[in-house]
Amino acid sequence: MDSTLTDKLEPPRFETGKPLLVAGISERCTHENGGAGIPNQWQRFHQKVGDIPDRVGQVAYGVCCNGDDSGNFDYIAGVEVSDFSDLPREFSRVRIPEQRYAVFTHRDHISSIRRTVNTIWNHWLPASGLNAADAPSFERYDENFDPLTGNGGLEIWVPVKQ
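In what follows, the accompanying structure is described. Everything quoted here is computed from the prediction, not taken from an experiment.

Some remarks on the nonpolar core
Link 1 in the chain: Counting 31 residues, the largest nonpolar core has Trp42, Phe45, Ile52, Tyr75, Trp124 and Tyr141 as the members making the most contacts within it.
Link 2 in the chain: Contributing elements (two or more residues each) for this core: β2 (20–29), α1 (38–48), β4 (73–81), β6 (99–106), α2 (113–128) and β9 (154–161).
Link 3 in the chain: Looking at which element gives the most residues to this core, the answer is β4, with five residues.
Link 4 in the chain: Setting aside chain neighbours within four positions, we find tyrosine 75 in contact with Ile25, Ser26, Glu27, Cys29, Ile38, Gln41, Trp42, Gly62, Val63, Cys64, Glu139 and Tyr141.

Concerning α2
Since there are 3.6 residues in each turn of an α-helix, residues three or four apart along the chain are aligned in direction.
Link 1 in the chain: In α2, a bend of some 35 degrees at isoleucine 120 exceeds every other bend along the element.
Link 2 in the chain: Turning to α2, its buried residues number three or more, namely Ile113, Thr116, Asn118, Thr119, Ile120, Trp124 and Leu125.
Link 3 in the chain: Tucked inside the fold, the buried residues of α2 contact β1 (13–17), β6, β7 (131–132), β8 (137–141) and β9.
Link 4 in the chain: In the stretch just after α2, glycine 129 is the one whose phi turns positive, near 80 degrees.

Remarks on the side chain of serine 137
Link 1 in the chain: Looking at the element boundaries, serine 137 is found in strand β8.
Link 2 in the chain: Beyond its immediate stretch of four places on either side in the chain, serine 137 contacts Gly62, Val63, Cys64, Trp121, Trp157, Val158 and Pro159.

Some remarks on the pattern of salt bridges
Link 1 in the chain: The tally for this structure, following the rule as stated, stands at nine salt bridges.
Link 2 in the chain: As a salt-bridge pair, glutamate 10 and arginine 107 come within 2.6 Å of each other at their nearest N and O atoms. Highlighted residues: glutamate 10 in the segment before β1 and arginine 107 in the loop between β6 and α2, separated in sequence by 97 residues.
Link 3 in the chain: In this structure arginine 107 comes out as exposed when scored by relative accessible area, which is 57%.

Considering the pairing of β4
Link 1 in the chain: Most of β4 sits out of view: nine of its nine residues are buried.
Link 2 in the chain: Note: β2 against β4, eight bridges, orientation antiparallel. For alanine 23, the partnering residue across the bridge sits in β4 and is valine 79.

Conventions used here
- Residues numbered from 1 in each chain as written.
- Predicted model: local features only at pLDDT ≥ 70, side-chain atom pairs only at ≥ 80, totals over all residues.
- Heavy atoms only, no water.
- Core = buried A, V, L, I, M, F, W, Y, C linked by side-chain atoms within 4.5 Å.
- Buried < 20%, exposed > 50% of the residue type's maximum accessible area, 1.4 Å probe, protein only.
- Helix = DSSP H or I, 4+ residues; strand = E, 2+ residues; numbered from the N terminus.
- Contact = heavy atoms within 4.5 Å.
- Bend = angle between axes of the 7 residues up to and from the residue.
- Salt bridge = Lys/Arg side-chain N within 4 Å of Asp/Glu carboxyl O.
- Pairing = 2+ DSSP bridges.

Below you can see the structure in the form of structure tokens.
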């Protein structure tokens, strides 16, 4: 996956995201591997998503959370659920609080998402006058995204504060 900057970053819209409960398959991503295993993680998720109880809607989420000072983070490929009570132990869970977000649209093939993410965090955010909030960031895959082809676009939600 190409990690250079993109020159096609569209200006974000700003939204206050509602609280979400997300359940799915989690992996720890290290600074060294940069999330290289995430595509395989999504394949495993698609095989197991039918086993997640209390699912809300058809949107999928790729949540980055529990980051550390070395650039490592947990990545959860998941879906919104209404409750964690009946969630089997094999699934991870994350609560996403109500938060202000800069929302970016990624229209290109999924293989170029790393370029968009790097541009947001390493170029747009430092130039924006905003700071990253201590909250999960996530990708939002709606019904337009085709997981078989990697086309259809997605949104990248970055938590921000003044």
